[in-house]
Amino acid sequence: MRRPGLPGLTIPTIINRLWKPEAIQSVSTRFPISRSLFVDPAMTFETHLETFAGLPVIDFRENTDWQGPAHCYRVHLQYEDPESVETILDRLLAQAQDTGLKALIIGAWNGALEGDDSAGLVSSLVSRVGHLAGLKALFLGEMTFDEYEISWINQSDVSPVLRALPNLEEFYVRGGTRLTFSQVEHPHLRTLVIQAGGLSRDLLRELFACRFPALQHLDLLLGTEDYGFNGEVEDLLPLLQGTLFPRLKHLGLRSEEHTSELQSPCNLVCRLLLEK
C-alpha cells in the first residue's frame, strides 16, 4: 500500500538502523538507493575536531600559531577570557591576508559560556566578509560537552552568514536553542550539518523554505523531546519526497532516543519507507 505524500521513489539515500539489518536489506532491494546512512544513537561531542573539511585543525591564539593555508583554524574563548573572539579572529585574518583562509571553526564566542547567543558573532563575521571571501568551510559553535552542553548553546539567525559568504561549501552549526534560518538561497552550499539538543518543528520548516540547489550532504541531529524536538514524521516528508534538495546524496537523521515512535523520528522514517 502506497503511503500518501510519497510519490515514486526519488529518495537518494537509505536510513540505516544498526540494530535492524534485515529491514535495510528489504528497503535496499526495493528502491534504487545510491548511498547508505547510519543513524547514530548518541552524539556527545567529548572532544574537539582534529580535522575539518579535510584539513588538520590548529587552535589559533597568537600570530605564531599560523602554519599556512593548508590548515583549518579554530578560534574560541575560555571562561572569563580577557580577549574577544573578534580580536583573535582579526589576528588570524591578518596572518591569512596573503593566502586566504579556507576553513574556520569558531567555538565559544563572547559570552557564549554565560548564555549569550551568537547574534553578535554573526554580525562580526558579516562585517569581515572582505577577508573571508575564499572561505569554503565554517563551523559555528564547536564546543565540547565539558565546555558547554549542546542544549545550553544559544544560537541566532545564521542565514546572514550564508548570504555574506556565497562561496561557502560546508556549513556546520552546533546548538539548537534560538537557532533560526531566515529564508536564504545559497548556490554553492554542498554540506549542511545541524547539531542540536532538540530541533523544533519551526526550525525544520524554516530550513525547508531555504534554497540550496547544490546541497549533497544534510545531517540533522534531531535531539530529544526534553530539549526541544517536537516534530513528527510528517515534518520530514519534504526531505523524503526528494524534490526539496534535488542533488542530495546523503541524508542523516540522528536521534539520541529510540524508545518510542514519537521520541525516535528516525524509526518513523524507516517504517515509512518499509510501508511504502
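Worth saying up front: this structure is predicted, and the values here are computed from it rather than measured. (Residues numbered from 1 in each chain as written. Predicted model: local features only at pLDDT ≥ 70, side-chain atom pairs only at ≥ 80, totals over all residues. Heavy atoms only, no water.)

Our next topic: helix H5 (residues 201–208). Of the residues making up H5, those classed as buried are Leu203, Leu204, Leu207 and Phe208. Axial view of H5: buried residues confined to an arc of 135 degrees, hence all on one face. In this fold, the buried residues of H5 make contact with strand S9 (191–195), strand S10 (217–221) and helix H6 (237–240). (Buried < 20%, exposed > 50% of the residue type's maximum accessible area, 1.4 Å probe, protein only. Helix = DSSP H or I, 4+ residues; strand = E, 2+ residues; numbered from the N terminus. Arc of directions from axis to C-beta. Contact = heavy atoms within 4.5 Å.)

A separate point is the pattern of salt bridges. Enumeration over the complete set of coordinates arrives at 12 salt bridges. Between Glu169 and Lys136 there is a salt bridge whose closest N-O contact spans 3.9 Å. Separated by 33 residues along the polypeptide, Glu169 in the loop between helix H4 (159–164) and strand S8 (170–174) and Lys136 in the loop between helix H3 (119–126) and strand S7 (137–140) bring together distant segments of the chain. On the basis of relative accessible area, Lys136 is assigned to the partly exposed category, the value being 35%. The shortest N-O distance in the salt bridge between Arg205 and Asp235 comes to 3.8 Å. Here Asp235 lies in the loop between S10 and H6 and Arg205 lies in helix H5, a separation of 30 residues in the sequence. Each member of the salt-bridge network shares a partner with another, and the members are Arg61, Glu62, Asp81, Glu83 and Arg91. (Salt bridge = Lys/Arg side-chain N within 4 Å of Asp/Glu carboxyl O.)

Taken together, the buried positions of H3 are occupied by Leu121, Val122, Ser124 and Leu125. An end-on view of H3 places all buried positions within 160 degrees of arc, on one side of the element. Residues of H3 that are buried in the fold lie against helix H2 (85–96), strand S6 (103–106), S7 and H4.

Turning to the confidence of the model for the protein, a few remarks are in order. The predicted model of the protein has a mean per-residue pLDDT of 80, with 76% of residues at 70 or higher. Of the regions scoring below 50 in pLDDT, residues 1–42 engages in 94 contacts with residues more than four places distant in sequence or in other chains. Confidence drops under pLDDT 50 across residues 258–276; counting only partners more than four residues distant or on other chains, this segment forms 61 contacts. (pLDDT = per-residue confidence, 0-100.)

This paragraph deals with the nonpolar core. Core analysis: the largest hydrophobic core is formed by 63 residues, its most contacted members being Phe171 and Phe181. Here this core takes 6 residues from H2, the largest share from any one element. Once residues lying within four places of it in the same chain are set aside, the contact partners of Phe181 are Asp157, Val158, Ser159, Leu162, Phe171, Leu192, Ile194, Leu203, Glu206, Leu207 and Cys210. Counting residues in hydrophobic clusters, the runner-up holds 10 residues, among them Phe52, Ile105, Ala137 and Val193. (Core = buried A, V, L, I, M, F, W, Y, C linked by side-chain atoms within 4.5 Å.)

Time to look at the environment of Thr144. Residue placement: Thr144 occurs in the loop between S7 and H4. Excluding its chain neighbours within four sequence positions, the residues that come into contact with Thr144 are Phe45, Glu46, Thr47, His48 and Arg174.

What follows covers the sheet that holds S10. Pairing between the strands of a sheet comes from backbone hydrogen bonds, and it takes one of two forms, parallel or antiparallel. Spatially, 9 strands are ordered S3-S4-S5-S6-S7-S8-S9-S10-S11 in an open sheet, and the strand pairing comes out mixed. Looking at which strands have only one partner, the edges of the open sheet turn out to be strand S3 (51–52) and strand S11 (250–254). Summarising the sheet, S9 and S10 pair through 5 bridges and their orientation is parallel. Each bridged residue has a counterpart across the sheet, and for Thr191 the counterpart in S10 is His217. Docked against the sheet, H2 engages strand S5 (72–75) and S6, running at close to 155 degrees with respect to S5. (Pairing = 2+ DSSP bridges. Axes fitted to C-alpha atoms, helices over the stretch in contact; angles between N-to-C directions.)

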